[in-house]
Amino acid sequence: MGIVKNPNPALKPLSKDEWLKIKKKSDNRKDSYMPCVICQDDFGMDEQVLLSCSHVFHKICLSSFERFSKERDRPLLQCPLCRKRNYQKALINEGKKITIEQSVIKIQSVWRGYKARKLFKFMKETIPPKSPTHRKAFYERKLTSLTDKLIDALDRQHARVESSLLSMDDQVAQARSYLDSLDTNKMNKVASTVDWILVREKALARGIGECPICLMQLLSVATPKPSHTQTKTEKLIEAKTEKPKPSTPKPPHTTTSLITKPRTSSPISTSPKTTPVKITPPPPKIRETSVHRRVRGFLNEQIEEGLSSLPYLTPILPLPPPHCKHHNP
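What comes next concerns the included structure. (Residues numbered from 1 in each chain as written. Predicted model: local features only at pLDDT ≥ 70, side-chain atom pairs only at ≥ 80, totals over all residues. Heavy atoms only, no water.)

## Brief notes about the packing of aromatic side chains
So, point 1. According to the stated counting rule, one finds two aromatic pairs in the structure shown.
So, point 2. Aromatic pair W111 and Y114: ring centres 5.7 Å apart, planes at 35 degrees, arrangement tilted. Remark: Y114 and W111 occur in helix 3 (residues 94-126); sequence separation between them is three residues, near one turn of the helix. (Phe/Tyr/Trp six-rings, centres within 6.5 Å; stacked < 30°, edge-to-face > 60°. Helix = DSSP H or I, 4+ residues; strand = E, 2+ residues; numbered from the N terminus.)

Next comes the structure, spelled out in structure tokens:
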């Protein structure tokens, strides 16, 4: 066997100046601004590889291409673009710098556009135009916006008030239910422990005839007849309104016989039939208190003064006392 010449002799590595020249050549063509030749995608923030032929690829894409070439039994590596053999490669980050610069420019342009639009809108809403037609439309828009804001504020306030009132109603309902439960439990306990018969006997033994709150008569307790002195006007009215009693003739004086008649066996009575008379009980009398007397006396004085000052008028009937027979309770 003879000695075969090595087809891939060891290449001498390129110097730093040579790599700078190669990179400058790639930058002049703006290879990093264009997409990768293998994947047709922007470089972005991914790693880049610069070959000695001044072509730029993704590191992942180039490694995949080399692996594919070895599988196809290609001993010599070639550039995917210019087919140069025995190339050398170096890592660069030019695509990363370009991506950051473009992102900053986009952010600045968006922010400046936002500020400009905001300033223009503020000037449009605050500075009235010079032409009369545009000025009229400007004030119409301003009045409409103010009205809408006021209505929105009132609606929000109304909603807050409604929500607060609903919450208050819920709280009041809960409190009432709780108090009702407490009252029922307390009344059940009191009813089971108090002897109401003894309490009623004690209340009747006191003999109180009027309510201490409203000063009215308690109908369940008998009260004595109040003492009342009638005024002149009351006596005069009573004398005028009282009807004269009809005079009935007295029967002649007869002596009753002590002789009794024999008792008959007849079941029918010889005495005349008499119809039963229904006796209606008198209406309950209202007990007169000191307050009633003072009020009645004051009203009578006012009536007498009015009658004395106006003699040509008919006299007005005074307020009758509670125990008077003309009083209809």
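## Notes on a nonpolar patch on the surface
So, point 1. A cluster of nonpolar side chains, namely L215, V291, V295, F298 and L299, defines an oily patch on the protein surface of about 380 Å² accessible area.
So, point 2. Taking the relative accessible area as the measure of exposure, L215 reaches 32% and is therefore partly exposed. (Patch = residues over 30% accessible without salt bridge, like charges linked within 9 Å, V, L, I, M, F, W, Y side chains within 5 Å. Areas by Shrake-Rupley, 256 points an atom, 1.4 Å probe, with all protein chains shown as cover. Salt bridge = Lys/Arg side-chain N within 4 Å of Asp/Glu carboxyl O. Buried < 20%, exposed > 50% of the residue type's maximum accessible area, 1.4 Å probe, protein only.)

## Quick look at the nonpolar core
So, point 1. Counting residues in each nonpolar core, the largest one holds 15 residues, and the members touching the most others are C36, L50, L51, V56, F57, L62 and C79.
So, point 2. Residues within four places of L51 in sequence aside, it is in contact with W19, I22, F57, L62, C79, P80, Y87, Q88 and K89. (Core = buried A, V, L, I, M, F, W, Y, C linked by side-chain atoms within 4.5 Å. Contact = heavy atoms within 4.5 Å.)

## Notes on the side chain of S26
So, point 1. With respect to the element layout, S26 can be found in helix 1 (residues 16-29).
So, point 2. A distance of 3.2 Å separates the side chain of S26 from the side chain of D31, its partner in a polar contact. (Polar contact = N/O pair within 3.5 Å; in protein donor to acceptor, adjacent residues only side chain to side chain.)

## Observations concerning helix 1
So, point 1. The end-to-end C-alpha distance of helix 1 is 20 Å, a good match for the 20 Å that 14 residues give at a rise of 1.5 Å each.
So, point 2. When helix 1 is considered as a whole, its buried residues turn out to be W19, I22 and S26. In a view along the axis of helix 1, the buried residues occupy a sector of 65 degrees, so they form one face of it. Away from its buried face, by an angle of more than 90 degrees, helix 1 presents the exposed residues D17, K21, K24 and N28.
So, point 3. Tucked into the core, helix 1 has its buried residues touching strand 1 (48-51), strand 2 (56-58) and strand 3 (89-92).
So, point 4. Once helix 1 ends, the next one or two residues include K30, with phi positive near 60 degrees. (Expected span 1.5 Å × (residues − 1). Arc of directions from axis to C-beta.)

## Quick notes on the pairing of strand 1
So, point 1. The alternating pattern of strand 1 places Q48 and L50 on one face and V49 and L51 on the opposite face, and all of these are buried.
So, point 2. Here three bridges tie strand 1 to strand 2, and the two strands are oriented antiparallel to one another. Bridging from a neighbouring strand, V49 pairs with F57 of strand 2.
So, point 3. Counted between consecutive antiparallel strands, the loop separating strand 1 from strand 2 contains four residues, among which S54 sits at a positive phi close to 75 degrees. (Pairing = 2+ DSSP bridges.)

## Considering the sheet that holds strand 3
So, point 1. One open sheet accounts for three strands, arranged 2-1-3; its pairing is antiparallel. Of all the strands in the sheet, just strand 2 and strand 3 have a single pairing partner and so form its edges. Each adjacent strand pair in this sheet contributes to an overall mean axis angle of 35 degrees, direction not counted.
So, point 2. Packing against the sheet, helix 2 (residues 59-71) makes contact with strand 1, strand 2 and strand 3, and its axis sits at approximately 85 degrees to strand 2. (Axes fitted to C-alpha atoms, helices over the stretch in contact; angles between N-to-C directions.)

## Brief notes about the state of the cysteines
So, point 1. Applying the stated criterion to the full structure yields zero disulfides.
So, point 2. Of the cysteine sulfurs around C53, a residue in no disulfide, the closest is that of C79, at 3.5 Å.
So, point 3. Its relative accessible area of 12% is what places C53 among the buried residues.
So, point 4. Lacking any disulfide linkage, C82 is separated from the closest cysteine sulfur, that of C79, by 3.6 Å.
So, point 5. Of the residues examined, C82 reaches a relative accessible area of 35% and is grouped as partly exposed. (Disulfide = S-S within 2.5 Å.)

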